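The residues making up each chain are set out below.
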Amino acid sequence: MNYTSTRNNALSVSSAQAISQGISKEGGLFVPCEFPQFSLEKIGSMVNMTYIQRAKTVLKEFLTDFSDSELDYCVEGAYEASKFSSDDIAPTVNIKDNENILELWHGPTCAFKDMALQLLPYLMTVSAEKAADGKEIVILVATSGDTGKAALEGFKDVKNTRILVFYPEDGVSKMQKLQMATQEGENVAVCAIKGNFDDAQSAVKEIFTDESIKAKLAEKNMMFSSANSINWGRLVPQIVYYFSSYCDMVKQGRIKNGDVINFVVPTGNFGNILAAYYAKKMGLPVKKLICASNSNNVLTDFLTSGEYNKNRDFYTTTSPSMDILISSNLERLLYHISGGDDKLISELMSSLSKDGKYSVSDGMFNAIKEDFDAGFASESEVIETIACYDYLFDTHTAVAVKVYEDYLKRTGDDIPTVIDSTASPYKFPKSVYTAKCGIGDIDKDEFEILEMLNGLTGVEVPQPIRELRSKSVRFNNVCKRSDMAEIVFKLLKL
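In this report, we go over the structure that sits alongside the text. Everything quoted here is computed from the prediction, not taken from an experiment.

### What about the packing of helix 4 (residues 68–78) against helix 6 (residues 120–131)?
The contact between helix 4 and helix 6 brings their axes to 9 Å, and the two run at 155 degrees. Put simply, helix 4 runs roughly antiparallel to helix 6. From helix 4, Glu 70, Tyr 73, Cys 74, Gly 77 and Ala 78 reach across to helix 6, where they touch Tyr 122, Leu 123, Val 126 and Lys 130. Class assignment for the residues of the contact of helix 4 with helix 6 results in six nonpolar, one polar and two charged.

Structure follows, in structure tokens:
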């Protein structure tokens, strides 16, 4: 299995090269040159496997330059039982009728990003030994909330790596900010920026492709890589849990092997739903991939019109991990449905950078409509959804549940459906508590509200969140977007 770039399909690199490099030199994203195919017989053989066994079965098809022992080391280290609060790692839970929740937040930072970012450091270190010529890898991350903490936790004190995380100063929840600001580890650093996630993400991409910056790192035997989902090593682990959830549904008797199901995915950067698309391309029986947006509904508009336009108001919402107007992973989807037209992708991305918008052809749009549906939920609808279910949702999951309800009413498509639950409700205690109680703003400490939510619902508070109360703040840096490159050098002490 080799990989090429969305903006230069003359390239052909190994998975180790794609993972250690993170992004292609010309700014394109690495994509697989082909998709391995999983027959129903093969999927059926995975039903009684553990999550670790399922992960190895999927990942070995993409990481063909990893030996069996290397893959064992990576997967078993990432998903060892002590790191997750559920023995199933990512359980699928029925909440009513054909509506099921894929709980992706049982990891050490209580968000779905753990599913990939517990594995990525292992993949990165093995890849670096194969393809990085002994260089120290500098992980540069822009986060809208959950990726930052998950990446910091995954890479803390990992040999021959350093990790720098940038997040929007006013664009994450208080609990998310505290998780990052108190991060332990000798090789980690965190900085807030004045601006939104798109500002941080675009600046990180510019730093990645700046030849003078890369040359300065090379002088110190360092190289950049990424822990965002632009890195193939971040994206490929996410394919696993779609196969795993399908197998769980078969095992629970909710479907038979071969039955088609729908997935509903709350997403801002398009990585999580792209992983589901890849699973479908590999043969997983999926009918529709339903993209759920919050008030920043740029993806919904694109998937229902064929025009991507980021020239719009930006909203700071109660689901901050989706407060994004530039969805990086959409570039990968465009590459695949265009038949690998790298020149077209370069033109579209240039239009996005220059004009803030682009449109796709009727043929590409029709291909998108074959696989995708989309909807969005307003802030008031998120509150109403949290309030009317016995199951305790976080705000991002509530967006997806509302979008699914609307899809069901609009289409009547009531086949078994799995909805991604991307974070513990206790990462957003104030929003969830006020929604449950039907009250407005309350003047209490986050941890007081957390205990109130626990008392109201009886749902256990994850230990990593409860422990935050006693941790000391280590990082309180704030910078302008224009100063991020300078801050990188300062944090690296170069």
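### A few points about unusual backbone geometry
Phi at Asn 160 is positive, roughly 60 degrees, even though this residue is not glycine. Using a relative accessible area of 47% as the deciding quantity, one classes Asn 160 as partly exposed.

### Structural notes on the sheet that holds strand 2 (residues 8–13)
Taken in spatial order, the three strands of this open sheet run 2-1-3, and their pairing is antiparallel. Strands with a single pairing partner mark the edges of an open sheet, and in this sheet they are strand 2 and strand 3 (30–32). Pairs of neighbouring strands in the sheet enclose a mean axial angle of 35 degrees, with direction left out of account. Pairing of strand 1 (residues 3–5) with strand 3 involves three bridges; the strand directions are antiparallel. Each residue of the ladder has a partner; that of Tyr 3, found in strand 3, is Pro 32.

### Description of helix 14 (residues 330–337)
Because each turn of an α-helix spans 3.6 residues, side chains separated by three or four positions in sequence point in the same direction. A large share of helix 14 lies buried, amounting to eight of its eight residues. Along helix 14, the residues that are buried comprise Leu 330, Glu 331, Arg 332, Leu 333, Leu 334, Tyr 335, His 336 and Ile 337. A positive backbone phi angle near 75 degrees is found at Gly 339, which sits one or two residues after helix 14.

### Regarding the packing of aromatic side chains
Inspection of the entire model under this criterion finds 19 aromatic pairs. For the pair Tyr 277 and Tyr 278, a centre-to-centre distance of 6.2 Å together with 45 degrees between the ring planes defines the contact as tilted. Overall, Tyr 277 belongs to the buried group, its relative accessible area being 3%. Exposure remark for Tyr 278: the relative accessible area of 0% places this residue in the buried category. One aromatic cluster in this structure is built from Tyr 3, Phe 35, Phe 62, Trp 232, Phe 270, Tyr 277, Tyr 278 and Phe 372. Above the face of the Phe 38 ring, Lys 42 is positioned so that its terminal group lies 4.3 Å from the ring centre. When the ring centre of Phe 66 is taken as reference, the NZ or CZ atom of Lys 130 above it lies at 5.7 Å.

### Details of the state of the cysteines
Following the criterion strictly, the structure yields zero disulfides and no others. With no disulfide of its own, Cys 437 has Cys 388 as its nearest cysteine by sulfur position, at a separation of 15 Å. Taking relative accessible area as the criterion, Cys 437 reaches 28% and is therefore assigned partly exposed.

### Description of the nonpolar core
Inside soluble globular proteins, nonpolar side chains tend to come together where they are buried. Grouped together as the largest cluster of nonpolar side chains are 139 residues, with contacts concentrated most on Tyr 79, Ile 239, Phe 243, Leu 334 and Tyr 358. If one sorts the elements of this core by residue count, helix 11 (residues 232–251) sits on top with twelve residues. Other than its neighbours up to four places away in sequence, Leu 334 contacts Phe 302, Ile 345, Leu 348, Met 349, Tyr 358, Val 360 and Met 364. Of all hydrophobic cores here, the second largest spans 37 residues; its members include Cys 110, Ala 423, Tyr 433 and Ile 465.

What counts as what
- Residues numbered from 1 in each chain as written.
- Predicted model: local features only at pLDDT ≥ 70, side-chain atom pairs only at ≥ 80, totals over all residues.
- Heavy atoms only, no water.
- Axes fitted to C-alpha atoms, helices over the stretch in contact; angles between N-to-C directions.
- Helix = DSSP H or I, 4+ residues; strand = E, 2+ residues; numbered from the N terminus.
- Parallel < 35°, antiparallel > 145°, perpendicular 65-115°, else oblique.
- Contact = heavy atoms within 4.5 Å.
- Nonpolar A, V, L, I, M, F, W, Y, C, P; charged D, E, K, R; others polar.
- Buried < 20%, exposed > 50% of the residue type's maximum accessible area, 1.4 Å probe, protein only.
- Pairing = 2+ DSSP bridges.
- Phe/Tyr/Trp six-rings, centres within 6.5 Å; stacked < 30°, edge-to-face > 60°.
- Lys NZ or Arg CZ within 6 Å of the ring centre and 35° of its normal.
- Disulfide = S-S within 2.5 Å.
- Core = buried A, V, L, I, M, F, W, Y, C linked by side-chain atoms within 4.5 Å.

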